[in-house]
Amino acid sequence: MNRKLGALLALAVTLTACGTTNEPTGDSGQAAEKVTLTYSLWDPNQLPAYQECANAFTASTGIQVKITQQGWEDYWNGLTTSLVSGTAPDVITNHVAYYPELAANNQLLDIQPYVDKDKVDLSQYTGDLASLWVKDGKRYGLPQDWDTIALVYNVKDITDAGVDPAGLDDLTWNPADGGTFGALVRKLTVDENGKRGDEPGFDKTKVKIYGWGLEQGGGVVGQTQWSWMPLSMGFQYLDKNPFGTDYKLDDPRLAQALTWWQDQMKAGYVMPREEAGKLGLEPMMQTNKAALVPDGSWRINTWAQSTQQKFAFAPLPQGPEGRKTIINGLAPSITAGTKHPDQAWEWVKFLGSSACQDLVAKKAVVFPAIKTAAATALEAHKSKGVDVSAFTEIAANPANLAYYPITGSANEINTNAQAVIDEIQEFKVVPADALKQLDERVASILK
Amino acid sequence: MTTVAAPPRRPRAAQPSRRNRLRSGDAPVAWLFLLPALAGFVIFYLVPTVRGFWISLTDWNLLSDPEFVGLDNYREMLQDDKFWNALRITAEYVVINIGSQTVLALAIAVLMDRLTRSVLVRALIVVPWLVPNVTVAVVTLFMLDRNVGFVNHVLDLFGLDPQAFYGNSDQAIPTIALVNTWRNMGYTALLFFAGIQMIPRSLYEAAAIDGAGEWTLFRRVTLPLLRPVMVLVLVVSIIGSFQIFDTVAVTTKGGPADATRVIYYYIYQKAFNEFHMGYAAAMAVALFLILIVLTLAQMRMLRAADSDLR
């Protein structure tokens with residue numbers, strides 16, 4: 001027995017020893033001859049599309065691209081440590097909430113000289129997306145996609161409520177009585193006795209389907225959660241964007257909008273934050289605990305391809321100052337420590353070109369930044385039987401667009417703001433007071 | 001653990017005289033044997049600790065060079081509501097966690113001692129302790145979910161309202177504390193059980209003859225004589241309890257509404273989400289000082305207690 005064990009152990013040791021010594025010799029020989037770039041992204045849904053781009057890029061240039069994917073949180077936590085240790089990818093997918101700090105710490109390569117040299121046409125991109133990536137005259141990315149917000153609704157819930165889906169295109173909203181959007185949310189809410197939110201005898205303690213779902217989080221922006229309400233009243237996050245220095249969180253319009261939102265929660269029309277659970281928006285909608293929710297275009301396929309429920313999209317309601325959505329986009333940035341800046345630029349240029357963006361468009365995952373490619377994406381969705389015009393039509397008119405607020409210290413601001421949003425959702429604070437305090441705290445962070 | 005366990009007192013004469021040093025020829029060999037442990041201590045403890053103190057005096061975001069700012073971080077810390085809030089929450093956690101864990105573990109240990117010495121029972125009782133913290137957190141996150149959780153399903157069977165547990169700012173800290181109590185109490189019980197085995201049986205027999213019931217036996221015999229073991233276990237488990245991090249990181253991430261932003265999680269956030277390394281290091285130093293004070297206080301209690309059995 002003992003001897004057998006010993007022999008096994010010895011075997012195991014030799015095997016592992018062999019394993020470790022043999023492995024590295026495999027492919028290091030080739031890598032030295034050819035340039036292999038590393039490119040990182042966080043959205044697994046986009047990985048196949050960009051893998052196709054990478055294949056096309058390798059075919060035409062001979063430069064290999066290795067794509068790595070990590071979830072949102074790991075992605076950003078890992079990025080900084082990899083920058084410090086010098087193991088960062090050559091090209092990263094970047095977000096406007098994060099790039100200012102990376103740029104301020106000289107971790108990103110200024111691509112303006114390359115853009116000038118290769119005469120990249122910046123007007124081919126949707127709206128002002130290209131200018132979001134310029135800080136102090138330096139450019140840190142070429143737009144690769146954009147996203148907007150629209151309403152996602154459960155088709156069965158809408159028809160059960162006797163609402164004509166066509167009427168959803170002209171919803172209105174205001175912070176006084178909620179407009180037709182407020183009425184719709186009340187109607188879509190059903191308690192366990194089958195009473196609707198706008199009927200007498202509605203029991204808000206026993207709600208079966210909430211008219212309005214709740215996604216937790218959102219930080220200071222509330223991109224999918226609440227941004228469209230204050231924005232449609234003329235609210236602006238910052239004194240100037242990008243790189244404002246004053247968050248206007250004490251704006252009475254923001255307080256009004258969030259107070260109305262809180263009132264809807266108190267009345268039982270919005271899923272309470274407790275009940276929203278830790279598991280997220282998707283299970284909530286898939287199990288039909290909520291009938292409608294505003295959401296971003298990056299999750300179109302989650303809803304369109306659902307087999308449990310049938311979902312469709314409607315434009316955001318018209319507010320007192322019109323219809324407003326946050327528009328935001330991602331861009332590839334080159335890390336300053338790359339050993340192959342020229343090749344990395346070739347890849348970034350390719351990602352920002354119609355050659356790649358047309359490929360992405362056909363996958364119908366995100367809306368590519370180039371206008372013509374976005375039209376292709378719309379067609380690709382249509383051919384799958386999905387109408388995504390609620391996301392695209394709003395983007396056609398610049399007056400509808402509010403760009404994602406860009407400042408330094410975004411992480412710290414979000415942590416502080418999220419605590420206040422949580423408290424509003426738990427009815428522990430009056431929005432106007434809490435937002436005023438938050439405004440002071442954020443001002444001291446940005447100082 | 002072994003460093004705080006005071007050895008039983010030996011008669012004076014048996015102790016080697018201090019002056020009786022090693023013969024000089026042995027010293028190099030002794031150092032050679034000490035080297036691996038010493039190197040580990042210096043590389044992984046001493047250097048990072050000293051460096052931590054230094055970082056706490058700087059403004060450093062990892063990416064650019066640290067800038068010396070003196071005691072600014074400490075000044076900022078003392079005025080930071082979130083720092084005090086984190087300490088308060090951590091204290092709340094420690095009280096609930098250690099309180100419930102100690103009582104339950106003691107009960108289990110006494111029951112095991114008086115009812116069954118079965119090795120199987122002893123083994124079963126430490127099973128939760130063998131499950132990694134993160135796994136416990138993930139499993140309970142699902143079990144305690146407001147909508148799909150098993151526990152709420154059971155509550156529903158008894159006609160009780162569903163609870164949000166991790167998702168409610170009032171329940172989150174007690175929930176995390178009790179989940180960790182569940183995980184650790186078996187292990188703590190085993191330590192207590194071992195302690196009880198050291199109490200001479202004759203004392204119980206004598207007390208029983210004098211007419212003492214189970215409760216009196218526990219209060220008058222077990223509890224006083226278990227004190228050295230208990231203090232040791234408390235020292236170790238309170239230090240461990242202060243370092244609550246993983247359950248928070250997996251389940252609540254400091255929320256809802258800052259309700260679970262315990263000090264370790266706040267340090268982590270400042271350091272690795274917001275990249276204020278200096279500020280995070282200053283808080284770590286503060287925590288270090290708090291733990292030293294706590295440990296010294298408890299060590300004093302330990303020394304006072306170690307003569308009980310003799």
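Relevant structure appears above.
What counts as what
- Residues numbered from 1 in each chain as written.
- Chains lettered and ligands numbered in written order.
- Predicted model: local features only at pLDDT ≥ 70, side-chain atom pairs only at ≥ 80, totals over all residues.
- Heavy atoms only, no water.
- Helix = DSSP H or I, 4+ residues; strand = E, 2+ residues; numbered from the N terminus.
- Buried < 20%, exposed > 50% of the residue type's maximum accessible area, 1.4 Å probe, protein only.
- Contact = heavy atoms within 4.5 Å.
- Areas by Shrake-Rupley, 256 points an atom, 1.4 Å probe, with all protein chains shown as cover.
- Core = buried A, V, L, I, M, F, W, Y, C linked by side-chain atoms within 4.5 Å.
- Domains from an automatic or database assignment.
- Disulfide = S-S within 2.5 Å.
- Pairing = 2+ DSSP bridges.
- Axes fitted to C-alpha atoms, helices over the stretch in contact; angles between N-to-C directions.
- Buried area = accessible area lost by both parts, 1.4 Å probe.
- Salt bridge = Lys/Arg side-chain N within 4 Å of Asp/Glu carboxyl O.
- Polar contact = N/O pair within 3.5 Å; in protein donor to acceptor, adjacent residues only side chain to side chain.
- Nonpolar A, V, L, I, M, F, W, Y, C, P; charged D, E, K, R; others polar.
- Phe/Tyr/Trp six-rings, centres within 6.5 Å; stacked < 30°, edge-to-face > 60°.
- Parallel < 35°, antiparallel > 145°, perpendicular 65-115°, else oblique.

Draft legend 1. Quick look at the overall build of chain B. For chain B, the count of helices and strands is 13 helices and two strands. By the burial criterion, 42% of the 310 residues in chain B qualify as buried. Pairs at least 24 residues apart make up 66% of the contacts formed inside chain B by residues separated by at least 6 positions. By element, 67% of the accessible surface of chain B is carried by carbon and sulfur atoms, the whole surface being about 17,900 Å².

Draft legend 2. Quick look at the nonpolar core. Counting residues in hydrophobic clusters, the biggest one holds 142 residues, and the most contacted among them are A:F181 and A:W347. Take this core: its biggest share by element is seven residues, from helix 10 (residues 252–266) of chain A. Two domains each donate at least three residues to this core, and these are domain 1 (35–146 + 329–388) and domain 2 (149–327 + 409–446) of chain A. Setting aside chain neighbours within four positions, we find A:W347 in contact with A:L37, A:Y39, A:Y50, A:C53, A:A54, A:F57, A:V65 and A:V91. Formed by 43 residues, the second largest nonpolar core is a distinct cluster that contains B:W60, B:I244, B:I267 and B:F275.

Draft legend 3. Representation of the state of the cysteines in the model. Residues and elements named next belong to chain A. One pass over the full model with this rule turns up one disulfide over all chains. Here C53 connects covalently by a disulfide to C356, the sulfurs 2.1 Å from one another. Where C53 bonds to C356 through sulfur, the torsion about that S-S bond is close to 95°, and the disulfide is right-handed. Taken as a pair, C53 in helix 3 (residues 47–61) and C356 in helix 15 (residues 354–363) lie far apart in primary sequence, 303 residues in all. Owing to a relative accessible area of 0%, C53 belongs among the buried residues under this scheme.

Draft legend 4. Spatial organisation of the sheet that holds strand 10 (residues 292–296) of chain A. Residue and element names in this part refer to chain A. Taken in spatial order, the three strands make up an open sheet running 10-7-11, and their pairing is antiparallel. Every other strand in the sheet has two partners, leaving strand 10 and strand 11 (311–314) as the edge strands with one partner each. Strand-to-strand, the axes of this sheet are offset by a mean angle of 35°, without reference to chain direction. Sheet topology places strand 7 (residues 149–154) next to strand 11; four bridges connect them, and they run antiparallel. In the strand pairing of strand 11, N154 is matched with F311.

Draft legend 5. Broad picture of the interface of chain B and chain A. Listed as interface residues are 31 residues of chain B and, on the opposing side, 27 residues of chain A. Between chain B and chain A, a total of about 2,500 Å² is buried, with carbon and sulfur atoms accounting for 50% of that surface. Per-residue buried area on chain B facing chain A is highest for B:L63, B:N147 and B:A257; these three make up 23% of the total on that side. Scanning the region where chain B abuts chain A turns up three salt bridges. At the junction of chain B and chain A, the tally comes to 14 residue pairs in polar contact (both at pLDDT 80 or more). Sorting the residues of the side of chain B that touches chain A by element identifies helix 6 (133–143) and helix 12 (263–273) of chain B as the ones contributing at least two each. A total of five residues in the side of chain B that touches chain A trace back to one element, the largest contributor, which is helix 12 of chain B. Here the side of chain B that touches chain A is built from residues that sort into 11 nonpolar, 11 polar and nine charged.

Draft legend 6. The arrangement of the packing of aromatic side chains in detail. All names here are of chain A. Taken as a whole and judged by the stated rule, the model has 38 aromatic pairs over all chains. Taking the centre distance of 5.8 Å and the plane angle of 75° together, the rings of W72 and W76 count as edge-to-face. With a gap of four residues between them, W72 and W76 both fall in helix 4 (residues 72–85), about one helical turn apart. Residue W76 is classed as buried on the basis of its relative accessible area of 5%. Judged by centre distance (6.3 Å) and plane angle (40°), the ring pair of W212 and W228 falls under tilted.

Draft legend 7. Structural detail: the environment of A:T245. Residues and elements named next belong to chain A. Structurally, the position occupied by T245 is in the loop between helix 9 (228–231) and helix 10. The class for T245 is exposed, based on a relative accessible area of 56%. Residues T245 and L446, spaced 201 residues apart in sequence, show a C-alpha to C-alpha distance of 6.3 Å. Here T245 is in contact with D239 and L446, once residues within four sequence places are set aside.

Draft legend 8. Here's a closer look at the pattern of salt bridges. This model, assessed by the stated rule, comprises 21 salt bridges over all chains. Note that A:E412 is salt-bridged to B:K270, the shortest N-O span being 3.1 Å. Within this pair, whereas A:E412 is found in helix 18 (residues 410–425), its partner B:K270 is found in helix 12, the two belonging to separate chains. Residue B:K270 is classed as buried on the basis of its relative accessible area, which comes to 7%. For B:E274, the salt bridge goes to B:K270, with nearest N and O atoms at 2.9 Å. When its relative accessible area of 7% is taken as the criterion, B:E274 is described as buried. One connected set of salt bridges, linked through shared partners, spans A:D118, A:E346 and A:K349.

Draft legend 9. Representation of unusual backbone geometry within the structure. Residue and element names in this part refer to chain A. In this structure, the amide linkage connecting N241 to the following residue, P242, adopts the cis form with an omega of 0°. The phi dihedral of N106 falls on the positive side, at around 60°, and the residue is not glycine. With respect to the helices and strands, N106 occurs in the loop between helix 5 (99–104) and helix 6 (112–118). Even without a glycine there, the phi angle at S409 is positive, about 50°. Relative to the assigned elements, S409 resides in the loop between strand 15 (401–403) and helix 18.

Draft legend 10. Region of the structure containing the packing of helix 10 of chain A against helix 18 of chain A. Residue and element names in this part refer to chain A. The contact between helix 10 and helix 18 brings their axes to 9 Å, and the two run at 45°. By the angle between their axes, helix 10 is oblique relative to helix 18. Side by side, helix 10 and helix 18 meet where L258, W261, Q262 and M265 of the first sit next to I421, I424 and Q425 of the second.

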